[in-house]
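What follows is the residue order along each chain.
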Amino acid sequence: MKLQQICSFLETIAPLSYQEDYDNSGLITGSPEMEITGALISLDCLEPVLDEAIRLGCNLVISHHPIVFKGLKKFNKRTYVERVVMKAIKHDIALYAIHTNFDNVLNGVNARICEKLGVKDFTILSPKGGLLKKLVTFCPSAHADIVRNALFEAGAGSIGNYSECSYNTEGFGTFKGTENTNPFVGEKGVQHREAEVRIETIYPAVIERQLIVALLQAHPYEEVAYDLYPLTNSFETGSGMVGNLSEEMDELSFLQLLKERLNAKVVRHTALRGKRVRRVAVCGGSGSFLLQRAIASGADVFVTADFKYHEFFDADGKIIISDVGHFESEQFTQELLFEIITKKFPNFALHLTSIHTNPINYLI
């Protein structure tokens, strides 16, 4: 299988356009035309992980965290980042990262945390705007169904749990072709009036190219009129998740459940509030930027990592901050990727790393 096939699939479940500005998700080393013999999945891409890939005969490492976050000016093995990149290139190993774009999708990193904790009916905690667009086109009334269905099949028209959504207005269009035209209806050099339907539908901006291709293929006219509009509406992508436990529980019991389910050596938390826990917000990795969103959502507890000392004060008695550790909050990303890729490519040689990459140790 070519590397491009795997990259393209991963980018359908977590488009690169969904990553944060500071991130470096996507293909870091390797040619898209490489033949892939096997892939190793890891949370972090470190030298021991590359060594394991070499032993297993894998020439692709798929990690959650990118090994390269910013530009490298020198390659002399001074840092672990330089050593990893140099070794990957030397052994012709492709490196692919699926980081904040996988955090920000509905069925990604945070959804798996919710599942581990028994949080149900979860939704995006901080939805992103500006990722939706609207397409408006005009076609002969007799071809409206054909054009609409082509747009739906290309991925347009989804709103929440509804699909094939569009708004349609009947009217008429006028046009006059020159001698160089071959009009679908009407005659050259004569103004023609045609009964038409205006079709409006929304779509994720990331599919725009394939949507336009589908429109041009399905539309009967030589020159297809269409408009594209940016929208500020939020979309089913964004940071964090929030949902409810099946049954409420006392705070200490929830913290103990959290510690066990996430295999956390320690849970740093703010003062207990003496209230029952029902609503839970989560964010894999560094989630302090979402604290006010978690409070506004009505969550009783916010499960995340990397809170600084003074940031704990910001809970202000309104919520319990539960810091489980960065690795602990994201460790199940590996198994989620394994499940997703195996389902798509059941005969592909896929492995989960045996290397424990958490750089933090605990003295208990």
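Just so it is clear, the model here is predicted, and its values are computed rather than measured.

Novice: I tried to follow the UniProt feature "binding site: a divalent metal cation 1" (unreviewed entry) in the protein chain on my own but got confused; where do I start?
Specialist: UniProt's entry tags H65, D103, H326 and E330 with the feature "binding site: a divalent metal cation 1" (unreviewed entry), counted in the numbering of this structure. Over a stretch of 266 residues, the named residues converge on one spot in the fold, their C-alpha atoms separated by at most 13.1 Å. Structurally, H65 is set in the loop between β3 (60-63) and α3 (80-90). Of the residues examined, H65 reaches a relative accessible area of 12% and is grouped as buried. Here H65 is in contact with L43, D44, C45, A97, H99, H326 and E330, once residues within four sequence places are set aside.

Novice: Please explain the pattern of salt bridges as it appears in this structure.
Specialist: Any two side chains of opposite charge can pair if their charged atoms end up close together. Inspection of every chain in the model, using the stated rule, returns 18 salt bridges. A salt bridge links E339 to R112; its shortest N-O distance comes to 2.8 Å. Here the residue E339 occupies a position in helix α12 (residues 333-344), and R112 occupies one in helix α5 (residues 109-117), the gap between them amounting to 227 residues. Owing to a relative accessible area of 10%, R112 belongs among the buried residues under this scheme. Residue K134 is joined to E200 by a salt bridge in which the shortest nitrogen-to-oxygen separation is 3.2 Å. Of this pair, K134 sits in strand β6 (residues 132-140) while E200 is found in strand β8 (residues 192-204), placing the two residues 66 residues apart along the sequence.

Novice: Quick question: what am I supposed to make of the sheet that holds β6 here?
Specialist: As a general point, the strands of a sheet are linked pairwise by backbone hydrogen bonds and lie either parallel or antiparallel. With antiparallel pairing, the four strands of this open sheet are ordered in space as β7-β8-β6-β9. The open sheet has two edge strands with one neighbour each: β7 (167-175) and β9 (226-230). For this sheet, the mean inter-axis angle between neighbouring strands, taken without regard to orientation, is 25 degrees. Both β6 and β9 contribute to a ladder of five bridges, which runs antiparallel. Its bridge partner lying in β9, K134 is registered against Y229. The strands touched by helix α6 (residues 144-153) are β6, β7 and β8; relative to β8, the strand with the most contacts, the crossing angle is about 15 degrees.

Novice: Is there a simple way to think about the packing of helix α2 (residues 47-56) against α3 in this case?
Specialist: Helices that pack against each other are described as a pair by the angle of their axes relative to one another and the distance between those axes. The N-to-C vectors of α2 and α3 enclose an angle of 15 degrees; their axes lie 9 Å apart at closest approach. Relative to α3, the element α2 is oriented roughly parallel. Remark: the crossing between α2 and α3 carries left-handed chirality. Taken together, the residues of α3 that come into contact with α2 (itself represented by E47, L50 and D51) are R83, V84, K87 and A88. Split by residue class, the contact of α2 with α3 holds three nonpolar, no polar and four charged.

What counts and what doesn't
- Residues numbered from 1 in each chain as written.
- Predicted model: local features only at pLDDT ≥ 70, side-chain atom pairs only at ≥ 80, totals over all residues.
- Heavy atoms only, no water.
- UniProt positions renumbered as here; feature names shortened; annotations may be inferred.
- Helix = DSSP H or I, 4+ residues; strand = E, 2+ residues; numbered from the N terminus.
- Buried < 20%, exposed > 50% of the residue type's maximum accessible area, 1.4 Å probe, protein only.
- Contact = heavy atoms within 4.5 Å.
- Salt bridge = Lys/Arg side-chain N within 4 Å of Asp/Glu carboxyl O.
- Pairing = 2+ DSSP bridges.
- Axes fitted to C-alpha atoms, helices over the stretch in contact; angles between N-to-C directions.
- Parallel < 35°, antiparallel > 145°, perpendicular 65-115°, else oblique.
- Left-handed = near helix turned anticlockwise from the far one by under 90°.
- Nonpolar A, V, L, I, M, F, W, Y, C, P; charged D, E, K, R; others polar.

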